[in-house]
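# Summary of the model geometry
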Amino acid sequence: MRKNRQLFSAFFASLMLTAGLGYAHAAAASDGMQAAPMSAAQQRQLVGQLVGNVRQRWNLDINPDDYQVITEPGDILIVPKGLPAPKHVEINGVDMLASSLTVPHRDKSDASVLDDGTVWNRPMCFARKNVPSKLDPNKIDAWADYCAQAGEIKYPNQNGTDYAVKEWQTCATTNADGLAYDLTACNAGIAPPPGEQLLDWDDWSPKGTINQSPCTNLTLSVSVAGIGGSLVLGNFCDTLNPVKGEKPLDFLTNWSGTAPNGQSRDTGGIVAVHNTLTSGIGIQALYGGISISL
């Protein structure tokens, strides 16, 4: 008989995407945040794993000095420095991590703004490592690495502003605690923030359920006036089920299948939205939902 167990860790963090510099962090809040019960060397090693995974799997560089290790019951989290205390957010009955972020409008005074193209901000990345007992970094039985990246789309005779947002997540299990779990679900996505925004859907991908075997690259793309962006999932197989909501930016990307212990799987998606105002937009990044089984 198979024993199923869902592992969810979530926290709410406020952060900002700033023009040219990526994300600028909000002031830190210490309520509910625990000091990591591990050495500085162990913490550096965990941060290094996230940095290495992001570079190897996604060909992106993030600065390890921008990240820290914190803990909550059952989880070790690698997060950007200066974030508020973690909180759990339930989405469709599943606990996931939710981070509110703001994407600013970038005008012609910004030297990086193109007349025609997409100007991408730096990605913001997170990691969650599930530890069933004693928060031992050597006893991790499942983990998820997630990044989100937003960009402003520029094209001739544009009214308002258009934005592309891509999110991707890698999940895997280990047998470090002596139990060889399989990975059965890896959920991530984005959502609109609380409040109203004058947004409309431009494009989104994937547009329907994708089943693929064997594992190989999967390219997802969006386009606005012939301009947009793309996301390549480098290790996709099994099933990717997108869930698009009515409100623009409401988009979940849920992977399901059976990945044997030690094998990783990717999930992710990319969307484009139109803002009727010449202004930035708010986004919530959603990640951290994992299911494993014996």
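Residues numbered from 1 in each chain as written. Predicted model: local features only at pLDDT ≥ 70, side-chain atom pairs only at ≥ 80, totals over all residues. Heavy atoms only, no water.

Under the defined criterion, the tally for this structure stands at six salt bridges. Among the ionic pairs, Asp-61 bridges to Arg-55, the shortest N-O distance being 2.8 Å. Accessibility expressed as a relative area gives 58% for Asp-61, which makes it exposed. A salt bridge links Asp-266 to Arg-57, with the shortest nitrogen-to-oxygen separation between them at 2.8 Å. With Asp-266 in strand S17 (residues 265–275) and Arg-57 in helix H1 (residues 40–58), this pair connects stretches of sequence that are 209 residues apart. Owing to a relative accessible area of 28%, Arg-57 belongs among the partly exposed residues under this scheme. (Salt bridge = Lys/Arg side-chain N within 4 Å of Asp/Glu carboxyl O. Buried < 20%, exposed > 50% of the residue type's maximum accessible area, 1.4 Å probe, protein only. Helix = DSSP H or I, 4+ residues; strand = E, 2+ residues; numbered from the N terminus.)

Let's shift gears to the nonpolar core. Membership of the largest hydrophobic core comes to 68 residues, with the highest contact counts inside it found for Leu-233 and Leu-249. At seven residues, the largest contribution of residues to this core is made by strand S10 (residues 142–154). Listed in part, the seven residues of the second largest apolar core include Met-96, Ala-98, Ala-191 and Leu-286. (Core = buried A, V, L, I, M, F, W, Y, C linked by side-chain atoms within 4.5 Å.)

Here the focus is the side chain of Asp-162. Here Asp-162 is to be found in strand S11 (residues 161–173). The side chain of Asp-162 sits in the buried core without any salt bridge; Lys-154 is the nearest counter-charge, 8.8 Å away. At 2.9 Å, the side chain of Asp-162 and the side chain of Tyr-155 are in polar contact. A polar contact of 3.0 Å, which involves the side chain of Asp-162, links it to the side chain of His-274. Beyond its immediate chain neighbours, meaning those up to four positions away, Asp-162 contacts Gly-151, Glu-152, Ile-153, Tyr-155, Asp-202, Val-224, Val-273 and His-274. (Lys, Arg positive; Asp, Glu negative; His and termini not counted. Polar contact = N/O pair within 3.5 Å; in protein donor to acceptor, adjacent residues only side chain to side chain. Contact = heavy atoms within 4.5 Å.)

With that settled, the discussion passes to the environment of Asp-202. Here Asp-202 is to be found in strand S13 (residues 199–205). Asp-202 sits in the partly exposed class, given a relative accessible area of 28%. Between the C-alpha atoms of Asp-202 and Val-222, which are 20 residues apart in sequence, the distance is 8.3 Å. The residues contacting Asp-202, other than those within four sequence positions of it, are Asp-162, Val-224, Ala-272, Val-273 and His-274. Here the side chain of Asp-202 touches His-274 through a polar contact of 3.2 Å, landing on its backbone nitrogen.

A few words now on unusual backbone geometry. Following Ser-205, the chain continues to Pro-206 via a peptide bond in cis, the omega torsion being 5 degrees. Looking along the chain, the bond that leaves Ser-213 and enters Pro-214 is cis, with omega of 0 degrees. Looking at the secondary structure, you find Pro-214 in strand S14 (residues 210–224). Even without being a glycine, Asn-59 presents a positive backbone phi close to 55 degrees. Residue Asn-59 is classed as exposed on the basis of its relative accessible area, which comes to 68%. Positioned with a positive phi, Asp-238 is a non-glycine residue whose angle comes to about 70 degrees. Note on placement: Asp-238 falls in strand S15 (residues 227–244).

Scored by pLDDT, the protein has a mean of 82; 82% of the residues are at 70 or more. Averaged pLDDT values over the elements of the protein bottom out at 28 in strand S3 (residues 22–25) and peak at 97 in S13. Within the model, the stretch residues 1–5 combines pLDDT values under 50 with 13 contacts to residues more than four positions away or in other chains. Across residues 8–33, confidence stays below pLDDT 50; counting only partners more than four residues off in sequence or on other chains, it has 112 contacts. (pLDDT = per-residue confidence, 0-100.)

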